[in-house]
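Spelled out from the first residue to the last, the chains are:
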Amino acid sequence: MSRIYNFSAGPAALPEAVLKQAQDELLDWHGAGVSVMEMSHRGKEFMSIAAQAEADLREIMAIPDNYKVLFLQGGASSQFAMVPMNLMGRTGKADYINTGSWSKKAIAEAKRYGEVNVIADTAADFKAPAESDLQFSADAAYVHYTPNETIQGVEFPYIPDTGEIPLVADMSSTILSRPVDVSKFGIIYAGAQKNVGPAGLTLVIIREDLIGHAPDSCPAMMNYQIHADNGSMYNTPPTYAWYLAGLVFKWLKENGGLDVMAVVNERKAESLYNTIDDSGFYANPVDPECRSWMNVPFTLANPDLDGKFLEEASAKGLKSLKGHRSVGGMRASIYNAMPEEGVQALIAFMHEFEKANA
Ligand SMILES: *Cc1c(COP(=O)(O)O)cnc(C)c1O
């Protein structure tokens, strides 16, 4: 059988080397005699796994010392609430940029906690707003945006400059895809299941001065301060997911870090977009300036062929290419764990399918 390439948007493919190491260590972690899954989160073995994962992430992303890294649960969707619960009270207002499906969910959730100003809305246009069009409210407690809209495949080509206003980013589907200047952000959060590790873990990278502003009514589990004060161990953390994320961070370090990831990811995306643009058979709806490196939606000239495309692709080992129902067509998610050969195999199949069906 030919090799399987998994283009799932999330939970997404993990590096094969990471899965193999997890398999090797599954029953007995480093001679501890038990699986990581069975360890106390407060024991010295797991504490060392947790600390190493954080140290490696800090190194890979060059996270400044005045930021805390939290390993939480609840997914990015919980952050949609946690961000306003902790920060909105400072002025009662926040600015949001709407670029697609995930921005919309973040906006809807924030409205429960205060006044939401949608300062730019390009959700229907498959592009990010022009930087010059952004006008921030002087009294916004923060500005929230989605650097990469996983469903629409729309990625910001710039980081908004919000001056003194904290910038909050839902980086679920673009974190670790390239180097990013963390100091430009107040909070970066990400569900792990796209580019970090398995589902069940949520990363929050938060500037220290943004911790400690939650009202008394804020539940402990939703309060950044509680998690920061307890080293993300106020309650039982998602230990196995934390461990696997740690293996992914090690894998990233061994493979050249985010500088190398950026080069490879750009090359993978570019070759796929070129294939789409050079054909009259495939199309991508996104403004070329704002095309995602991670999620590449594309449609066929004749949507009646969608089912046939998916079936034949799957038979060739190219899995999970069905597009999100709100966009239709196909979507190839090509996170760090997708090797270049996987993208090349998809491109070869696309040429073949076009020749047979155009
Ligand atoms: C997947 C995704 C989410 C939702 O993440 P959960 O962890 O399922 O809550 C939110 N935002 C973006 C950008 C995503 O890609």
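Structure first, text after, so check above.
Now for a description of the structure that goes with this document.

Thresholds applied
- Residues numbered from 1 in each chain as written.
- Predicted model: local features only at pLDDT ≥ 70, side-chain atom pairs only at ≥ 80, totals over all residues.
- Heavy atoms only, no water.
- 1 Å grid on protein atoms, 1.4 Å probe; cavity = no way out; pocket = protein on both sides within 12 Å on 5 of 7 lines; lining within 4 Å.
- Points joined across faces, edges and corners; volume = space filled by probe spheres on them.
- Nonpolar A, V, L, I, M, F, W, Y, C, P; charged D, E, K, R; others polar.
- Phe/Tyr/Trp six-rings, centres within 6.5 Å; stacked < 30°, edge-to-face > 60°.
- Helix = DSSP H or I, 4+ residues; strand = E, 2+ residues; numbered from the N terminus.
- Buried < 20%, exposed > 50% of the residue type's maximum accessible area, 1.4 Å probe, protein only.

If you walk through the whole model with that rule in mind, you get 2 cavities of 30 Å³ or more. Its volume calculated, the largest cavity comes out at about 60 Å³. Around the largest cavity sit Ala-13, Leu-14, Pro-15, Lys-194, Asn-195, Val-196, Gly-197, Val-248, Trp-251, Asn-336 and Ala-337, which together line it. Here the lining of the largest cavity is composed, by residue class, of 7 nonpolar, 3 polar and 1 charged.

Under the counting rule described, the total for this entry stands at 16 aromatic pairs. Pairing Phe-46 with Trp-242 gives two aromatic rings, centres 5.7 Å apart and planes at 90°, and the pair type is edge-to-face. Placement of the pair is Phe-46 in helix H2 (residues 44–61) and Trp-242 in helix H6 (residues 239–254), with a sequence separation of 196 residues. Since its relative accessible area comes to 1%, Phe-46 is described here as buried. Ring centres of Phe-71 and Trp-242 lie 4.2 Å apart, and the angle between their planes is 5°; this geometry places the pair in the stacked category. Residue Phe-71 is found in strand E2 (residues 67–72), and its partner Trp-242 is found in helix H6; the two are separated by 171 residues along the sequence. Summarising the burial analysis for this pair, Phe-71 and Trp-242 share the class buried. One aromatic cluster is present, formed by Phe-281, Tyr-282, Phe-298, Phe-309, Phe-349 and Phe-353 through successive ring pairs.

Cis geometry is found at the peptide bond from Gly-10 to Pro-11, where omega equals -5°. Relative to the helices and strands, Pro-11 resides in the loop between strand E1 (5–6) and helix H1 (16–25). The phi torsion at Phe-126 lies on the positive side, around 55°, for a residue other than glycine. As for its position among the elements, Phe-126 is in the loop between strand E4 (115–121) and strand E5 (143–145). For Phe-126, a relative accessible area of 21% translates into the label partly exposed.

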